[in-house]
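Structural features, examined
Next come the chains, spelled out residue by residue.
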Amino acid sequence: MAAAQWKLVIHGGSGAMRPRPGDPAHEQSARQGLRDALEAGGAILGRGGSAVDAVEAAVRVLEDDPCFNAGRGSVLTAEARVELDAAIMDGRSRRAGAVAGVRTTRAPVTLARALMERGPHVFLSYEGADRLARDEGLEQVDNSWFVTSERRRQLDEVLESGGFDAEMKYGTVGAVALDEAGHVAAATSTGGLTAKQWGRIGDSPLIGSGTYADDRSAAVSATGSGEYFIRAVAAHQLAERMRLGGQPLQAALDAVLEDIGDLGGLGGLIAVAPTGEAAWGFTTLAMYRGMADASRRRVAIYSEEDER
Ligand code: ASP
């Protein structure tokens, strides 16, 4: 059987991210960050590596990039701390690993991967998650290492307005991939929402909501107003629209975004299927995103950059 054509799709969050006047440098760095992530994941897939390795590698690049709301550069909680959520899933076996409320582990996606490999649990939170990371020898950093001055400014702005991330300056990251062996995988990582409190956990680390992968349908990663993605069981809904409902990938993705819209939520989704189909879509003004295969690599932010 001929090898499948590999595919990699990534996102760096959805939202109303028109740069503030005088901030074009941020947009340029974000585009570079997306290209670096495609490069890291694409290199693995191009030499016959696995989809799981590729999505982990792509997400790690974005976690370390302060442009995005994951790892370093994450948004701050109401107590001005960083609490990170991440998940990874292998479509071949439907094994998964997820962590929430991580405070000292530099690469939350790698911690999720370690949990997936180690089992038997699928989802760990807060101190226990960081403890597993230490047991696994994963790099630990002080919580302040994740904090940037821009995120502190955004927290002040949100707290002053008495609001709750009303402008949706998101920036969650995710990746979905199809490898040459025909398997798919998905990973998502985030700092969540600015000024979140009470141990709030979003959709990103919830298997089936923000992250899902199944070789029988698709690999999916979400970004947006997480509460609505949880209620719509968004990523799993997309996969099952294909598997049970027979919908094509893009139609299933659009239908899920419509369903979330009906609930009042906004955001975006990326997905890839074992057939080689790849898709993205968003209902916000913009979504940082990128797509790569053996012959082409492109990144985009605004909707008008798509020719659909
Ligand atoms: N979905 C994420 C959350 O609710 C936020 C985002 O996509 O930026 O935690």
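Residues numbered from 1 in each chain as written. Predicted model: local features only at pLDDT ≥ 70, side-chain atom pairs only at ≥ 80, totals over all residues. Heavy atoms only, no water.

Details of the nonpolar core
L8, I10, F68, V99 and L111 are the most contacted members of the largest nonpolar core, which totals 55 residues. For this core, the element with the most residues is helix α2 (residues 51-64), which contributes eight residues. Contact partners of L8, with chain neighbours within four places excluded, come to A37, L38, G41, G42, L45, A175, V176, A177, G290, M291 and A292. Counting residues in hydrophobic clusters, the runner-up holds 36 residues, among them A218, F229, A234 and I270. (Core = buried A, V, L, I, M, F, W, Y, C linked by side-chain atoms within 4.5 Å. Buried < 20%, exposed > 50% of the residue type's maximum accessible area, 1.4 Å probe, protein only. Helix = DSSP H or I, 4+ residues; strand = E, 2+ residues; numbered from the N terminus. Contact = heavy atoms within 4.5 Å.)

Describing a nonpolar patch on the surface
A cluster of nonpolar residues, V122, F123 and I207, forms a patch on the protein surface that exposes about 220 Å² of accessible area. Relative to the assigned elements, F123 resides in strand β4 (residues 123-125). (Patch = residues over 30% accessible without salt bridge, like charges linked within 9 Å, V, L, I, M, F, W, Y side chains within 5 Å. Areas by Shrake-Rupley, 256 points an atom, 1.4 Å probe, with all protein chains shown as cover. Salt bridge = Lys/Arg side-chain N within 4 Å of Asp/Glu carboxyl O.)

Concerning the pairing of strand β5 (residues 173-178)
Taking burial as the measure, the six residues of β5 include six buried ones, the bulk of the element. Taking every second residue as pointing to the same face, both faces of β5 are buried, with V173, A175 and A177 on one and G174, V176 and L178 on the other. One ladder, built from five bridges, connects strand β1 (residues 7-15) with β5; its direction is antiparallel. Looking at β5, one finds that K7 is bridged to L178. Where β5 lies against strand β6 (residues 184-190), six bridges are found, and the strand directions are antiparallel. Its bridge partner being in β6, L178 is matched across the sheet by V184. Linking two consecutive strands that pair antiparallel, namely β5 and β6, is a turn of five residues; a positive phi of about 90 degrees is found at G182 within it. (Pairing = 2+ DSSP bridges.)

Overview of helix α4 (residues 126-135)
Looking only at α4, the buried set comprises Y126, A129, D130, L132 and A133. Angular distribution of buried residues about the axis of α4 spans 155 degrees; they occupy a single face of the element. (Arc of directions from axis to C-beta.)

Some points on the packing of aromatic side chains
Taken as a whole and judged by the stated rule, the model has two aromatic pairs. Here R72 stacks its cationic end above the ring of W145, 5.7 Å away from the centre of that ring. (Phe/Tyr/Trp six-rings, centres within 6.5 Å; stacked < 30°, edge-to-face > 60°. Lys NZ or Arg CZ within 6 Å of the ring centre and 35° of its normal.)

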